[in-house]
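# Coordinate inspection notes
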Amino acid sequence: MASISLKNIYKVFDDGTTAVNDFTLEIADKEFIILVGPSGCGKSTTLRMIAGLESISKGEMKIGDRVVNDIAPKDRDIAMVFQSYALYPHMSVYKNMAFGLELRKIPKDEIDKRVREAAKILDIEHLLKRKPRALSGGQRQRVALGRAMVRSPSVFLLDEPLSNLDAKLRTAMRTEIKKLHQRLGTTFIYVTHDQTEAMTMGDRIVVMKDGVVQQVDTPQNLYNKPFNMFVAGFIGSPQMNFLDATVKIRDNKIILALKNNELDVTEIFKDNQAVAEYKDKPVKMGIRPEDLTTDIGFVSKNHGRIITAKVDVYEHMGSETYLYLDYSGEKIIARVPSGDYDNSFVELGVKADKIHLFDPNTTQAIY
């Protein structure tokens, strides 16, 4: 059993800095949880508190049914994989993987069995005699994972383990780590600042900002129903566009009045009392780049849902093009089919069912 319970956890450093503020989370046995957020948001500090490498200033943490606030790291039945790999340079791969077991006085034949089983799973059997300096970054990362695996821990903690790898290898290793989780059936807690890693790997994602949890949800729910503008802007690439708008209600129609256009969103928000309460009030309208379209058919059928913007720059991305646009002084991005777009004005259809509305003062979503 490797469920983890964190209740009202705080981390306050000696200088008074609060790195983690009232963190509460229930992690189920065998779950793959991702902590994601910008640098300095408190995600690595939270992981280190789970590991026992940082003390908890306030709150209660349990692994299984045992309170572990004051339990030493070695007695928590966890294994941690670091960003820097932290391999012993003078030891072979085999010795690196076996060293922790030797310290625990595990019998030699059992150590050999565990090391070779882990090496087989990670496809590093042919590297066991090499030293770390003779390995590539991806191979070193596999050794670091293997060293954690041989201990058969209840919980794996991974602190930005792929950040030192190139883009292609990072993509491959994401798949490998996900497979490893499925094969081991163990609880994984994974820290990253890369939202693509978070979206592709986690069962649930914890989005953090300034030491505070912003939202805990499945990848799809984070994308489709962000709680606030920070989550909406952080999850998704390119990030969500935000435009100033005012809610207008005329002739039983709900209209979003933008700077130079009005969008009829009646059929989307007609049953939404929260939106109706913003009548004649400002809101922030969120729309993702892929939900702005240059499709002529869509544009012609949706006259009430069109904006016109000037192309500042465009980037070819192979099968698609990113348009960086100026909409009456507001900068937006559209993700459209590949093509050439001069510095001209384009008509963009707005997919109204994909619009998000936020309170401009609280930044909270209006549902």
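Remember, it's a predicted structure, so these values are computed and weren't measured experimentally. (Residues numbered from 1 in each chain as written. Predicted model: local features only at pLDDT ≥ 70, side-chain atom pairs only at ≥ 80, totals over all residues. Heavy atoms only, no water.)

### A look at the domain arrangement of the protein chain
- Each assigned domain of the protein chain is listed here: domain 1 (4–234) and domain 2 (241–358).
- Summarising the inter-unit geometry, the C-alpha centres of domain 1 and domain 2 are found 40 Å apart.
- Between domain 1 and domain 2, the contact holds eight residues from the first and six residues from the second.
- Summing both sides of the interface, domain 1 and domain 2 together bury roughly 650 Å²; the carbon and sulfur share of this comes to 63%.
- Three residues, Y223, M229 and A232, lead the burial of domain 1 against domain 2; their summed loss comes to 75% of the area buried on that side.
- Counting every contact that joins domain 1 to domain 2 gives zero salt bridges. (Domains from an automatic or database assignment. Contact = heavy atoms within 4.5 Å. Buried area = accessible area lost by both parts, 1.4 Å probe. Salt bridge = Lys/Arg side-chain N within 4 Å of Asp/Glu carboxyl O.)

### A word on the nonpolar core
- Among the nonpolar cores identified, the biggest contains 43 residues, and I34, M97, L145, L158, I177 and Y190 are the most heavily contacted of them.
- Element by element, the count of residues in this core is highest for helix α4 (residues 137–149), at five residues.
- Once residues lying within four places of it in the same chain are set aside, the contact partners of I177 are F32, L145, L158, P161, L162, F188, Y190 and M201.
- The next biggest cluster of nonpolar side chains, apart from the first, holds 33 residues, and it includes V265, I287, I307 and A334. (Core = buried A, V, L, I, M, F, W, Y, C linked by side-chain atoms within 4.5 Å. Buried < 20%, exposed > 50% of the residue type's maximum accessible area, 1.4 Å probe, protein only. Helix = DSSP H or I, 4+ residues; strand = E, 2+ residues; numbered from the N terminus.)

### Details of the sheet that holds strand β1 (residues 4–12)
- The strand order across the open sheet formed by four strands is β2-β1-β4-β5, and the pairing between neighbours is antiparallel. For this open sheet the edge positions go to β2 (18–27) and β5 (66–67), each flanked by a neighbour on one side alone.
- In this sheet, β5 lies alongside strand β4 (residues 58–63) in antiparallel orientation, the contact comprising two bridges. Residue pairing in the sheet places I63 in a bridge with R66 of β5. (Pairing = 2+ DSSP bridges.)

### Section: the sheet that holds strand β7 (residues 155–159)
- Taking strand neighbours across the sheet as the criterion, the six strands line up as β6-β7-β8-β3-β9-β10 in an open arrangement whose pairing is mixed. Unpaired on one side and paired on the other, β6 (78–81) and β10 (212–217) mark the two borders of the sheet. Mean inter-strand twist for the sheet, computed between neighbouring axes without regard to direction, equals 15°. (Axes fitted to C-alpha atoms, helices over the stretch in contact; angles between N-to-C directions.)

### Observations regarding the packing of aromatic side chains
- Considering all chains together, one arrives at seven aromatic pairs under this definition.
- Relative to F234, the ring of F230 has its centre 5.7 Å away and its plane inclined at 20°; by these criteria the two rings are stacked. With F230 and F234 both in helix α8 (residues 229–234), this residue pair falls four residues apart, about one helical turn.
- On the basis of an interplanar angle of 70° and a centroid distance of 5.8 Å, the ring pair of F242 and F358 is categorised as edge-to-face. Of this pair, F242 sits in strand β11 (residues 241–250) while F358 is found in strand β20 (residues 356–358), placing the two residues 116 residues apart along the sequence.
- Through a chain of ring-to-ring contacts, three or more aromatic side chains come together here, namely F32, F156, F188 and Y190.
- Sitting over the face of the ring of Y10, K58 holds its NZ or CZ atom 5.1 Å from the ring centroid. (Phe/Tyr/Trp six-rings, centres within 6.5 Å; stacked < 30°, edge-to-face > 60°. Lys NZ or Arg CZ within 6 Å of the ring centre and 35° of its normal.)

### A look at the environment of F32
- Mapped onto the fold, F32 is located in strand β3 (residues 32–36).
- For F32, a relative accessible area of 0% translates into the label buried.
- The spatial distance from the C-alpha of F32 to the C-alpha of M201 is 7.7 Å, given a sequence separation of 169 residues.
- Those residues in contact with F32 that sit more than four places away from it in its chain are I177, K178, H181, F188, Y190, M201, G202, D203 and R204.

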